[in-house]
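Reading the structure
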Amino acid sequence: MEFTELNLQTELLEGILSMNYKTATPIQEKSIPIILSGKDLIGIAQTGTGKTAAFVLPILNMIMSKPDHEGTQALIIVPTRELALQIDQAVEAYSYFTGTSSVAIYGGGDGQDFYQEKLSIVNGVDIIIPTPGRLISHMNVGHVDFSRLRFLILDEADRMLDMGFQPDLFRIIRAVNDNRQTLMFSATMPQ
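Let us look at the structure shown here. (Residues numbered from 1 in each chain as written. Predicted model: local features only at pLDDT ≥ 70, side-chain atom pairs only at ≥ 80, totals over all residues. Heavy atoms only, no water.)

1. Details of the layout of surface pockets
One number sums up the size of the largest pocket: a volume of about 330 Å³. In terms of lining residues, the largest pocket is bounded by 19 residues, among which Gly48, Thr49, Gly50, Lys51 and Thr52 are the most central. If you list the elements that add at least two residues to the lining of the largest pocket, you get helix H3 (51-65) and helix H4 (81-94). Grouping the amino acids of the lining of the largest pocket by side-chain chemistry returns five nonpolar, nine polar and five charged. (1 Å grid on protein atoms, 1.4 Å probe; cavity = no way out; pocket = protein on both sides within 12 Å on 5 of 7 lines; lining within 4 Å. Points joined across faces, edges and corners; volume = space filled by probe spheres on them. Helix = DSSP H or I, 4+ residues; strand = E, 2+ residues; numbered from the N terminus. Nonpolar A, V, L, I, M, F, W, Y, C, P; charged D, E, K, R; others polar.)

Here it is in structure tokens:
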């Protein structure tokens, strides 16, 4: 299926096509219409099959169709700093023509990094891509307000559980808006 057949906003399509993406992968072809319809989803596909685009593209599309600059609209929780940076770079590339903002939030930096993350959060960045521990740190000091959150995505959800993040994930899930769309993606997902 061509990306032009997926009913995406023109500005978003410009970004996708400018990167020479023309045809959706199977996970994208199956996931994007379901996500655009507002349904929750668990997506399983091998590494390198385009899972990130499968959830980022429809979320960007929906943010563009109903912008809300009063708060964070999407939370993409990931297990590692490397994945947070990778997804943030993908969001920046796909959303180049859209005006959508994003920030990766992860531990290991200094106080200045934490302060810059705080500024992004309190100023209402559209998409936050955090590791669980660092997000909990911001929650503990009151920086986070997810009352307007529309999308909660757990990327590599099984890996986060294997790494012991279950208590953090449950705490984060309890703190976010109940009226949201929830997506989980992974390369493997045990029963």
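Next comes the rest of the description.
2. Quick notes on the nonpolar core
Counting 38 residues, the largest nonpolar core has Phe55, Ile76 and Ile87 as the members making the most contacts within it. Of all the elements in the fold, those that place two or more residues in this core are helix H1 (10-18), helix H2 (26-36), H3, strand E2 (74-77), H4, strand E4 (127-130), strand E5 (151-155) and strand E6 (181-186). No other element matches H3, which puts ten residues into this core. Beyond its immediate stretch of four places on either side in the chain, Phe55 contacts Ile35, Ile76, Ile87, Ile153, Asp155, Leu183 and Phe185. Formed by 20 residues, the second largest nonpolar core is a distinct cluster that contains Ile105, Leu135, Leu152 and Leu169. (Core = buried A, V, L, I, M, F, W, Y, C linked by side-chain atoms within 4.5 Å. Buried < 20%, exposed > 50% of the residue type's maximum accessible area, 1.4 Å probe, protein only. Contact = heavy atoms within 4.5 Å.)

3. Digging into the pattern of salt bridges
In total, this model carries one salt bridge according to the counting rule given. When the shortest N-O distance is used, the salt bridge between Glu117 and Arg134 registers 2.8 Å. Here the residue Glu117 occupies a position in helix H5 (residues 111-122), and Arg134 occupies one in helix H6 (residues 132-140), the gap between them amounting to 17 residues. In terms of burial, Glu117 and Arg134 fall into one category: buried. (Salt bridge = Lys/Arg side-chain N within 4 Å of Asp/Glu carboxyl O.)

4. So, the side chain of Arg180
Mapping Arg180 onto the fold places it in the loop between helix H8 (166-175) and E6. For Arg180, the contacting residues outside a window of four places in its chain are Asp40, Leu149, Arg150, Phe151, Leu152 and Ile173.

5. Some words on H4
Taking 1.5 Å per residue, 14 residues should reach 20 Å; H4 reaches 20 Å between its end C-alpha atoms and fits that length. The set of residues buried in H4 consists of Leu83, Ala84, Ile87, Asp88, Ala90, Val91 and Tyr94. One side of H4 carries all its buried residues, which in axial view fall inside an arc of 160 degrees. Exposed and facing more than 90 degrees away from the buried side of H4 are Glu82 and Gln89. In this fold, the buried residues of H4 make contact with H1, H3, E2, strand E3 (102-105), E4 and E5. (Expected span 1.5 Å × (residues − 1). Arc of directions from axis to C-beta.)

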